[in-house]
Amino acid sequence: MAELGQQTVEFLSLVSRTAEESFISLKELVEKSKSSDQSDTEKKINLLKYIVKTQQRMLRLNVLAKWCQQVPLIQYCQQLASTLSSYDTCFTQAADSLFFMHEGLQQARSPVYDVPSAVEVHSQDHMSVYQNV
């Protein structure tokens, strides 16, 4: 099942559906005008409502048509976002690994030795340095 917002519909299908709905609404308006005893004012108001509704539908179609021209750019941006998300995951894992490695190195490091004293004792062959202690 496709994710929400990931389902696609052909633009031709939208145009056909919009034209069909507008035509059905117009037929209903004509039948309603013929069969009822509405005043001319009410008929004009209903016709104006139909025109406004149809105009809004066509305006939405126009906006969709202009938006569809930008689809390659949007797909490219989605691809970039996906790549950045995978980089984010990799960087997070690397940071975690470095943290745990640092902790391991702290535990594994050798203690600090007094190298100068050890060299002096080794070079003099006796422990006169420690006799005063």
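Use the structure listed above.
Residues numbered from 1 in each chain as written. Predicted model: local features only at pLDDT ≥ 70, side-chain atom pairs only at ≥ 80, totals over all residues. Heavy atoms only, no water.

**Structural notes on the environment of serine 33**
Then comes step 1: Relative to the helices and strands, serine 33 is located in helix 1 (residues 11–35).
Then comes step 2: Look at serine 33 and you get buried, because its relative accessible area is 19%.
Then comes step 3: Each residue touching serine 33, except ones within four places of it in the same chain, is listed here: Gln38 and Lys43. (Helix = DSSP H or I, 4+ residues; strand = E, 2+ residues; numbered from the N terminus. Buried < 20%, exposed > 50% of the residue type's maximum accessible area, 1.4 Å probe, protein only. Contact = heavy atoms within 4.5 Å.)

**Topic: a nonpolar patch on the surface**
Then comes step 1: Judged by side-chain polarity, Phe11, Val15, Leu64 and Trp67 come together as a nonpolar surface patch covering roughly 320 Å² of accessible area.
Then comes step 2: Secondary structure elements with two or more residues in the nonpolar patch: helix 1 and helix 2 (40–68).
Then comes step 3: Tracing the backbone shows phenylalanine 11 in helix 1. (Patch = residues over 30% accessible without salt bridge, like charges linked within 9 Å, V, L, I, M, F, W, Y side chains within 5 Å. Areas by Shrake-Rupley, 256 points an atom, 1.4 Å probe, with all protein chains shown as cover. Salt bridge = Lys/Arg side-chain N within 4 Å of Asp/Glu carboxyl O.)

**Concerning the packing of aromatic side chains**
Aromatic ring pairs are defined here through the distance separating the ring centres and the angle between the ring planes.
Then comes step 1: Counted according to the given criterion, the structure contains 1 aromatic pair.
Then comes step 2: Summarising the aromatic geometry, the rings of phenylalanine 99 and phenylalanine 100 are spaced 5.4 Å apart at their centres and angled 70 degrees between planes, so their arrangement reads as edge-to-face.
Then comes step 3: You can call phenylalanine 99 partly exposed: its relative accessible area is 48%.
Then comes step 4: With relative accessibility at 59%, the residue phenylalanine 100 sits in the exposed group. (Phe/Tyr/Trp six-rings, centres within 6.5 Å; stacked < 30°, edge-to-face > 60°.)

**Digging into helix 2**
Then comes step 1: Taking 1.5 Å per residue, 29 residues should reach 42 Å; helix 2 reaches 42 Å between its end C-alpha atoms and fits that length.
Then comes step 2: Listed in full, the buried residues belonging to helix 2 are Asn46, Tyr50, Thr54, Arg57 and Leu61.
Then comes step 3: Of the surrounding secondary structure, the elements contacted by the buried residues of helix 2 are helix 1. (Expected span 1.5 Å × (residues − 1).)

**Remarks on the side chain of arginine 57**
Then comes step 1: Looking at the element boundaries, arginine 57 is found in helix 2.
Then comes step 2: Once you skip the residues sitting within four places of it in the chain, arginine 57 turns out to touch Thr18, Glu21, Ser22 and Ser25.

**Section: the packing of helix 1 against helix 2**
Then comes step 1: The geometry of helix 1 relative to helix 2 is characterised by a closest axis approach of 11 Å and an angle of 180 degrees between their N-to-C directions. Accordingly, the angle class assigned to the pair helix 1 and helix 2 is roughly antiparallel. Counted together, Phe11, Leu14, Val15, Thr18, Glu21, Ser22, Ser25, Leu26, Leu29, Lys32 and Ser33 of helix 1 and Lys43, Asn46, Leu47, Tyr50, Thr54, Arg57, Met58, Leu61, Leu64, Ala65 and Cys68 of helix 2 form the full contact between these two elements.
Then comes step 2: When its residues are assigned to classes, the contact of helix 1 with helix 2 shows 12 nonpolar, 6 polar and 4 charged. (Axes fitted to C-alpha atoms, helices over the stretch in contact; angles between N-to-C directions. Parallel < 35°, antiparallel > 145°, perpendicular 65-115°, else oblique. Nonpolar A, V, L, I, M, F, W, Y, C, P; charged D, E, K, R; others polar.)

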